[in-house]
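# Report on the structure
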Amino acid sequence: MADQHPPDDPTDDRVSDEEVDEMLQEIERKRSLQGWAAVVVAIVGISFSIFQMWLAAKGFVLSIDLPVLGEIEFASLQLLQINAVHVAFGLVLAFMLYPPSTGDGPFAARAAALAASLEDRFGADHPVTRAVRRVGAGLRWLFVDPDFDRITPFDAVLMLVSVFAAAYFITDFSEIQRMRALGLEAGRPIQETLLFSWMDSIAGVFGPITDVSYAFLLGVIGVLLVLEATRRAISLYLMFIVAAFIVYARWGFMIPQNAAYIGVLSIPPLEWPSIIQNLWYNTENGVFGIPVTVSVQFIYIFILFGAFLEMSGAGQWFIDLAYAATGTRRGGPAKASILASGFMGTISGSSIANTVTTGAFTIPLMKRSGYRPEFAGGVEASASSGGQILPPVMGAAAFLIVQYTATPFREVIIAAAIPAVVFFFGVWVMVHFEAVKQNIGGLDPAELVDVRTHMRSGWFYLVPIGLLLYYLLVERLSVARSAWFTLIAIGALIALVAAYSDETRGRLAGIFALLFVGNFLGQLLAGANVIGAIAGTGTGPQPVGAAFSATVGGLGGIAIVSGVLTLLSHPYVDAPLLEFDRAVDDAAETTASAIGRSEWATNGVYKFGVFVGKSMEGGARTAVPVVIAVAAAGIIPGVISVSGLGPNLVALIRTIAGGSLLLLLLVTAVASIILGMGMPTTVTYIILVSLLAPALTSFGVPLLAAHLFILYFGVIADITPPVAVAAYAAAGVAKSDAFQTGIEAFSLSLNKAIVPFAFILSPGIVLLRRQPGDLPVGDQFRVVTLADFADPAFAVFDVLIPVLGVFIGVVALAATVIGYVSAPVSRFERTAFALSSVLLMAPGLVVSTVYDITGLLGLGGGEMTLAMDLVLRGLGLVLFVALVTKNRQAGRALADQPSSPESA
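### Focus: the overall build of the chain
- On a plain count of helices and strands, the chain comes out with 40 helices and 4 strands.
- Computed over C-alpha atoms, the radius of gyration of the chain comes to 30 Å, within 12% of the 29 Å expected from 2.2 N^0.38 for 904 residues, which places it in the range of a compact globule.
- Reported as C-alpha extents along the three principal axes, the dimensions of the chain are approximately 95 × 85 × 75 Å.
- Within the chain, contacts between residues separated by at least 24 positions form 74% of all contacts whose residues are at least 6 apart in sequence.
- Carbon and sulfur atoms form 64% of the exposed surface of the chain, whose accessible area is close to 38,400 Å².

### What about the environment of Ala233?
- Secondary-structure assignment places Ala233 in helix H9 (residues 214-233).
- In this structure Ala233 comes out as buried when scored by relative accessible area, which is 12%.
- As for Ala233 and Ala94, which are separated by 139 residues in sequence, their C-alpha atoms are 6.6 Å apart.

### Examining the packing of helix H3 (residues 79-97) against helix H27 (residues 604-633)
- As a packed pair, H3 and H27 sit with axes 9 Å apart at the nearest point and diverge in direction by 115°. In this view, H3 runs roughly perpendicular relative to H27, as classed from their interaxial angle. The handedness of the crossing between H3 and H27 is left-handed. Contact with H3, carried on its side by His86, Val87, Gly90, Leu91, Leu93, Ala94 and Leu97, involves Ala620, Arg621, Val624, Val627, Ile628 and Ala631 of H27 and no other residues of that element.
- Residue composition of the contact of H3 with H27, grouped by class: 10 nonpolar, 2 polar and 1 charged.

### Examining the side chain of Ser836
- Within the fold, Ser836 resides in helix H38 (residues 827-841).
- Since its relative accessible area comes to 0%, Ser836 is described here as buried.
- Discounting chain neighbours no more than four positions away, the residues touching Ser836 are Ala812, Gly876, Leu879 and Phe880.

### Brief notes about the side chain of Thr102
- As for its placement among the helices and strands, Thr102 is situated in the loop between H3 and helix H4 (106-122).
- According to the relative accessible area criterion, Thr102 is buried, its value standing at 12%.
- The residues touching Thr102, leaving out its near neighbours within four places in the chain, are Arg29, Val144, Asp145, Pro146 and Phe148.

### Quick look at helix H11 (residues 272-280)
- The complete set of buried residues in H11 reads Pro273, Ile275, Ile276, Gln277, Leu279 and Trp280.
- Buried positions along H11 lie against H3, helix H6 (153-171), helix H7 (173-182), H9, helix H10 (236-251) and helix H28 (635-643).

### Side note on the nonpolar core
- Residues Trp280, Tyr281, Phe302, Leu578, Leu708, Phe759 and Phe833 are the most contacted members of the largest nonpolar core, which totals 258 residues.
- If sequence neighbours within four positions are ignored, Tyr281 has contacts with Leu80, Tyr168, Phe169, Ile176, Arg180, Leu184, Ala215, Leu218, Gly219 and Ile276.
- Counting 8 residues, the second-largest nonpolar core is a separate cluster that includes Tyr323, Ala336, Leu365 and Leu448.

### With respect to a nonpolar patch on the surface
- A contiguous nonpolar patch, built from Val796, Phe797, Leu800, Leu804, Leu866 and Leu870 and spanning about 460 Å² of accessible area, is present on the exposed surface.
- For the nonpolar patch, the elements supplying multiple residues, two or more each, are helix H37 (792-818) and helix H40 (866-896).
- Per element, the largest residue contribution to the nonpolar patch is 4 residues, and it comes from H37.
- Here Val796 is to be found in helix H37.
- Under the relative-accessibility criterion, Val796 is labelled partly exposed at 31%.

### Points about the packing of aromatic side chains
- Within the structure shown, the criterion is met by 36 aromatic pairs.
- Aromatic pair Phe169 and Trp280: ring centres 6.1 Å apart, planes at 55°, arrangement tilted. Of this pair, Phe169 sits in helix H6 while Trp280 sits in helix H11, and the two are 111 residues apart along the sequence. Considered together, Phe169 and Trp280 belong to a single accessibility category, that of buried residues.
- Three or more aromatic residues joined by ring pairs make a cluster, and in this case those are Phe298, Phe302, Phe305, Phe399 and Phe409.
- A cation sits over an aromatic face here: Lys752 above Phe423, 4.3 Å from the ring centre.

### Examining the confidence of the model for the chain
- Of the residues in the chain, 93% reach a pLDDT of 70 or more, and the chain-wide mean stands at 85.
- Taken together, the stretch residues 1-11 has pLDDT below 50 and engages in 24 contacts with residues farther than four places along the chain or on a different chain.

### Remarks on the pattern of salt bridges
- For the structure on display, the rule yields 21 salt bridges.
- The shortest N-O distance in the salt bridge between Arg178 and Glu175 comes to 3.8 Å. Highlighted residues: Arg178 and Glu175, both in helix H7, separated by 3 residues, approximately one helical turn.
- The exposure class of Arg178 is partly exposed, given its relative accessible area of 38%.
- With its nearest N and O atoms 3.9 Å apart, the salt bridge here joins Arg368 to Glu447. Of the two residues, Arg368 is situated in helix H15 (residues 351-369) and Glu447 in the loop between helix H18 (409-438) and helix H19 (451-458); the sequence distance between them amounts to 79 residues.
- Three or more residues joined by partner-sharing salt bridges are found here, namely Arg31, Asp145, Asp155, Glu228, Arg231 and Arg232.

### Observations regarding the environment of Ile765
- Within the secondary structure, Ile765 is located in the loop between helix H36 (750-761) and strand E3 (768-770).
- With 339 residues separating them along the chain, Ile765 and Gly426 place their C-alpha atoms 16 Å apart.
- The contact partners of Ile765, leaving out residues within four places of it in the chain, are Ile418, Pro419, Ala758, Phe759, Asp798, Pro802, Val803 and Val806.

### Points about helix H12 (residues 290-311)
- Along its 22 residues, H12 runs 30 Å from first to last C-alpha, staying within 8% of the 32 Å computed at 1.5 Å per residue.
- Bending of H12 peaks at approximately 50° at the position of Val296.
- Following H12 by one or two positions, Gly313 has its phi on the positive side, about 100°.

### Digging into unusual backbone geometry
- Residues other than glycine seldom take positive phi values, yet Phe148 does so here, at roughly 55°.
- Tracing the sequence through the fold places Phe148 in the loop between helix H5 (127-143) and H6.
- Positive phi, normally seen in glycine, also occurs at Arg476, with a value near 55°.
- Note on placement: Arg476 falls in the loop between helix H20 (462-474) and helix H21 (479-499).
- Given a relative accessible area of 51%, Arg476 falls into the exposed group.

### Quick word on the packing of H9 against H10
- The geometry of H9 relative to H10 is characterised by a closest axis approach of 7 Å and an angle of 155° between their N-to-C directions. For the element pair H9 / H10, the angle class is roughly antiparallel. The residues of H10 that touch H9, namely those facing Val223, Leu227, Thr230 and Arg231, are Leu236, Leu238, Met239, Val242, Ala243 and Ile246.
- Broken down by class, the residue content of the contact of H9 with H10 amounts to 8 nonpolar, 1 polar and 1 charged.

### Overview of the environment of Gly441
- In this fold, Gly441 is placed in the loop between H18 and H19.
- Taking C-alpha positions, Gly441 is 33 Å from Ala416, a pair spaced 25 residues apart along the chain.

Cut-offs and rules
Residues numbered from 1 in each chain as written. Predicted model: local features only at pLDDT ≥ 70, side-chain atom pairs only at ≥ 80, totals over all residues. Heavy atoms only, no water. Helix = DSSP H or I, 4+ residues; strand = E, 2+ residues; numbered from the N terminus. Rg over C-alpha atoms; globule rule 2.2 N^0.38 Å. Contact = heavy atoms within 4.5 Å. Areas by Shrake-Rupley, 256 points an atom, 1.4 Å probe, with all protein chains shown as cover. Buried < 20%, exposed > 50% of the residue type's maximum accessible area, 1.4 Å probe, protein only. Axes fitted to C-alpha atoms, helices over the stretch in contact; angles between N-to-C directions. Parallel < 35°, antiparallel > 145°, perpendicular 65-115°, else oblique. Left-handed = near helix turned anticlockwise from the far one by under 90°. Nonpolar A, V, L, I, M, F, W, Y, C, P; charged D, E, K, R; others polar. Core = buried A, V, L, I, M, F, W, Y, C linked by side-chain atoms within 4.5 Å. Patch = residues over 30% accessible without salt bridge, like charges linked within 9 Å, V, L, I, M, F, W, Y side chains within 5 Å. Salt bridge = Lys/Arg side-chain N within 4 Å of Asp/Glu carboxyl O. Phe/Tyr/Trp six-rings, centres within 6.5 Å; stacked < 30°, edge-to-face > 60°. Lys NZ or Arg CZ within 6 Å of the ring centre and 35° of its normal. pLDDT = per-residue confidence, 0-100. Expected span 1.5 Å × (residues − 1). Bend = angle between axes of the 7 residues up to and from the residue.

Below, the structure written as structure tokens:
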């Protein structure tokens with residue numbers, strides 16, 4: 001290892017698995033349940049995942065194929081019913097996983113102060129003091145969970161009400177359909193329902209409440225449940241924002257129409273039944289609107305895909321692969337961290353979880369190599385946040401882009417590919433410059449795994465990602481089907497690898513071949529698999545080609561059955577290629593001990609079952625904040641739709657921007673960062689797409705580029721001080737100053753802030769091409785195809801030059817941020833590097849700024865031309881080359897200087 005600066009005791013930097021769990025619990029504020037409560041969470045979580053997997057496999061018809069009996073249909077559900085069940089699962093899990101109060105808030109503090117003052121005044125034994133103490137103890141029992149380890153009675157009530165609210169969609173959907181046409185007032189009064197029939201005899205006591213419909217009451221309760229779950233799982237801040245929009249929907253008409261600026265926010269009067277109907281009984285907007293539909297169809301199955309891949313041990317394998325590939329290079333630990341975090345980001349989809357879990361391994365190695373703790377934490381946070389913009393999986397917001405823009409997912413990931421690569425390349429260059437600056441070498445090859453050996457032992461982890469790309473880009477399947485087939489592939493691969501060893505490989509191959517031949521013959525002779533053929537449920541003989549294709553289509557099931565049968569015949573096989581995630585091993589040991597069969601912890605069949613169950617439970621746990629976030633955020637576009645606010649809001653934003661696209665982009669960027677502080681990227685995206693995307697597209701910005709712009713700045717919010725949640729999580733691992741770590745993470749991600757401006761002004765960077773003719777907003781641009789590159793003018797001037805510009809520009813930006821290339825960079829040179837970076841990446845920013853200023857001065861403006869673009873990029877390139885040449889000469893001169901006796 002060259003030129004290292006290890007601490008006196010390297011083991012001081014290590015972060016244990018228990019510390020990682022504690023950090024995640026502290027940041028996410030989730031309960032750590034044990035005993036029966038943990039079992040209930042697992043059952044609900046696995047049920048949630050089974051429900052979603054069933055939807056992915058069968059669609060909205062819930063049925064099962066059984067031998068002899070054939071297909072048995074349980075229910076055929078509508079989209080609104082499916083969405084309601086989806087949200088109900090999220091609500092129940094949210095109330096189990098997140099406490100209503102931990103007793104450290106302002107109300108609890110005031111209650112404790114009141115009890116203390118009464119005790120001081122009247123004494124501890126006074127009846128008033130004792131009564132207050134008893135009331136306080138009762139309230140704590142009902143609502144408070146200070147240790148994050150118990151489900152309170154209040155939680156149980158909310159869980160039960162959540163189930164009731166969802167059950168209404170299943171049992172009384174015909175009534176809901178009628179009310180969607182006639183209004184909620186057409187529903188039956190609440191006293192006509194079995195639950196509230198007792199109110200009929202004392203209707204005079206309750207007054208007007210008995211006149212409301214049962215559907216209206218459930219709608220109000222449902223919206224309140226979503227708000228409460230939002231407060232717990234996301235933030236009080238988001239709950240207030242959503243509640244403010246609901247209040248605005250009811251009383252926004254009170255804003256005077258002739259008021260300056262805000263007069264455009266005045267809306268027609270709306271009554272509560274109309275508001276609740278649109279927010280709770282609608283699949284276009286509101287709680288069960290487009291965001292929840294996307295969660296049902298796309299987001300959850302991809303979260304499950306990531307959970308299965310993570311539990312299989314892929315996370316540690318990817319980390320080891322990244323270190324094997326780059327660990328010995330200059331500054332190798334930081335470069336490996338970038339690759340590992342990028343890989344893990346596509347699996348976890350959470351900046352915070354990725355930062356803590358991956359950072360527990362990468363950050364200590366970076367510190368031991370010589371990187372400052374703040375810089376090491378900043379690298380990890382910056383790279384981890386980039387996982388949400390990295391194809392092929394990206395984050396949940398990418399699937400929302402698919403739905404909101406009506407763009408196929410394969411085109412979204414094609415458009416997002418170049419900016420994502422530019423981001424990771426930019427961070428790579430920055431850590432390289434920092435390594436040169438600090439004279440940090442790489443790791444000792446003896447500390448790393450051999451790349452070839454590592455690939456041979458874990459190649460199967462790459463297969464699911466390759467299959468996903470194949471299904472999306474080559475076969476052009478839907479997102480849901482692609483994810484489902486890939487999920488089956490993961491299960492099949494893990495089953496085979498779990499059963500594989502030198503002792504069992506012959507048996508495994510034999511069982512697999514026998515099942516394959518049996519299924520082929522069944523398809524050939526009876527048109528069904530071997531079980532269906534025996535049961536006589538086939539459709540009849542098929543041609544050889546069709547039979548073979550059908551058999552190949554069922555390879556996933558054949559592989560799973562082969563692996564399980566092999567494990568049953570040799571349950572304690574030692575699988576040399578597979579090492580499950582620690583959570584699977586812990587769950588196997590815990591559950592085996594709980595049922596008095598501790599030896600089952602190493603049983604292959606049992607462990608494979610635990611892997612499947614833990615993956616499904618882990619996917620459900622990860623999905624809870626996403627489900628709650630999209631349900632809550634969907635209320636905002638619901639209010640905008642029902643109130644007719646949209647066009648007026650666009651007019652207001654355009655007025656504030658004063659006709660300046662640059663100013664509008666800056667407003668959007670700042671709003672994304674401010675709104676996104678401490679909130680999921682999906683929430684920021686949904687809100688700002690509803691408020692600002694129409695204004696951006698009205699300026700001629702491509703629809704897909706506008707949505708990616710908002711996504712990028714929503715991601716940046718995770719590493720932007722003062723609420724840089726991912727950076728603060730990294731600081732906990734790095735044991736560094738949290739605010740300074742946030743500064744480092746933001747600085748390392750600066751290219752993520754400039755590149756969006758670049759692709760707005762040069763859509764070729766995101767591989768968009770304008771279509772001829774006067775077309776609607778969503779159809780003006782399209783994602784390029786290979787045929788477009790046959791046009792030299794487009795390929796060179798719209799794609800090649802802008803893309804080369806952003807790649808060279810991020811190098812100039814790295815020199816600006818780090819202040820070092822081959823030698824120190826002076827302040828003047830930093831300014832020059834920054835200018836060259838802007839000219840190379842987004843010359844339109846300079847031109848737009850100049851034209852905006854001249855417009856304010858009454859001197860007129862203009863438009864960016866191709867000639868101006870080329871000239872400015874050329875000037876940026878000349879400036880960059882001159883600065884780098886000068887710096888390298890300074891570096892050579894520095895290297896030629898004789899070493900001082902002290903340094904020798």
